[in-house]
Amino acid sequence: MDRWRGRVALVTGASVGIGAAIAKSLSQHGMKVIGCARNVEQIENLASECVRNGFSGTLVPYKCDLSVEEEILSMFAWIKDQHHGVEVCINNAGLAFPEPLLHGKTSYWRTMLDVNVIGLSVCAREAYQSMKERNVDDGHIININSMCGHRVMNHADAHFYTATKYAVTALTEGLRQELRETKSHIRATSISPGLVETTFTTRFYSDKPEIAAAAYRSIKCLQAEDIANALVYVLSGPSHVQIGDIQMRPVEQLT
């Protein structure tokens with residue numbers, strides 16, 4: 001990770017869970033991390049923790065709603081003005097609502113698409129443009145995907161969310177192909193975790209917290225730090241190595 005010291009990484013959805021673990025880890029490895037979310041108070045607390053721990057990098061909170069393109073564009077303009085641009089873009093932000101295909105609410109479907117697919121794509125596009133205009137040819141765009149992006153579970157509440165993660169799988173490969181066609185050495189990677197013990201499942205079942213609790217008790221789940229460690233492994237790879245996708249799940253998880 002030495003070559004990334006002092007360089008700029010954007011981490012979306014950095015307030016809790018996987019995003020917070022990634023932001024903390026990259027700061028520990030000496031990167032200048034822009035952590036964005038709608039709620040920046042939690043990122044501010046995490047930034048203070050990084051300072052107290054004496055990390056060599058920094059964590060800078062930024063408030064951004066990734067469902068609004070204008071806010072994303074303003075964020076990238078601010079990063080350009082304050083930090084010259086990004087070299088690493090971690091598209092971690094994502095959300096899910098239990099809205100089945102047969103009777104789900106269109107507004108919730110649209111919100112999932114806006115954040116999980118459109119917001120991710122806008123960030124990837126703007127990150128590439130930021131690197132291109134500064135002749136950065138060793139950057140990295142990493143999409144935090146899900147095992148739901150590779151198989152459809154017989155679980156109606158998750159079917160639309162699963163569709164958005166299948167889109168992330170296709171978008172990451174499409175991004176890799178487009179980068180290759182431009183002769184760029186910027187790399188694109190997808191990291192697909194299975195069940196991770198974060199607030200994600202708790203929020204998904206906000207009206208049935210006992211279901212989330214039972215899921216976490218049923219097996220030894222992945223932890224947010226496990227995904228952060230996988231991401232550091234991806235970033236640490238030699239420049240000639242392209243890691244397309246890392247799929248990871250708890251040992252006891254069957255699907």
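Residues numbered from 1 in each chain as written. Predicted model: local features only at pLDDT ≥ 70, side-chain atom pairs only at ≥ 80, totals over all residues. Heavy atoms only, no water.

J.: Mind showing me how you'd approach the overall build of the chain here?
T.: The helix and strand tally for the chain stands at 8 helices and 7 strands. Here the C-alpha atoms of the chain give a radius of gyration of 17 Å, agreeing with the 18 Å that 2.2 N^0.38 yields for 255 residues. Taken along the three principal axes of its C-alpha coordinates, the chain extends 45 × 45 × 35 Å. By sequence separation, contacts in the chain at least 24 residues apart represent 73% of the contacts at least 6 residues apart. Accessible surface computed for the chain: about 12,300 Å², of which carbon and sulfur atoms make up 53%. (Helix = DSSP H or I, 4+ residues; strand = E, 2+ residues; numbered from the N terminus. Rg over C-alpha atoms; globule rule 2.2 N^0.38 Å. Contact = heavy atoms within 4.5 Å. Areas by Shrake-Rupley, 256 points an atom, 1.4 Å probe, with all protein chains shown as cover.)

J.: Mind showing me how you'd approach the nonpolar core here?
T.: One broad trend across soluble globular proteins is that nonpolar side chains are buried collectively. By size, the foremost hydrophobic cluster in this structure holds 38 residues, and its most contacted members are I22, L26, I90, I144 and L231. For this core, the elements supplying multiple residues, two or more each, are β1 (8-12), α1 (17-28), β2 (32-37), α2 (41-52), β4 (88-91), β5 (140-144), α8 (224-235) and β7 (245-248). Among the elements that take part in this core, α8 stands out by supplying 8 residues, more than any other. Beyond its immediate stretch of four places on either side in the chain, I90 contacts L10, V11, T12, I22, L26, I142, I144 and L231. L10, L66, C123 and I141 belong to the second-largest nonpolar core, a separate cluster that totals 26 residues. (Core = buried A, V, L, I, M, F, W, Y, C linked by side-chain atoms within 4.5 Å. Buried < 20%, exposed > 50% of the residue type's maximum accessible area, 1.4 Å probe, protein only.)

J.: Whenever I open this one, the layout of surface pockets confuses me. Can you help?
T.: Over the atoms rolls a probe the size of a water molecule, and in doing so it shows where empty space is left. In this structure, the second largest pocket spans a volume of roughly 290 Å³. Residue lining of the second largest pocket: L120, S121, A124, R125, Y128, N143, L171, G174, L175, E178, L179 and T182, and that is the complete set. When grouped by side-chain class, the residues that make up the lining of the second largest pocket number 6 nonpolar, 4 polar and 2 charged. (1 Å grid on protein atoms, 1.4 Å probe; cavity = no way out; pocket = protein on both sides within 12 Å on 5 of 7 lines; lining within 4 Å. Points joined across faces, edges and corners; volume = space filled by probe spheres on them. Nonpolar A, V, L, I, M, F, W, Y, C, P; charged D, E, K, R; others polar.)

That's the geometry; what it means functionally is another story.
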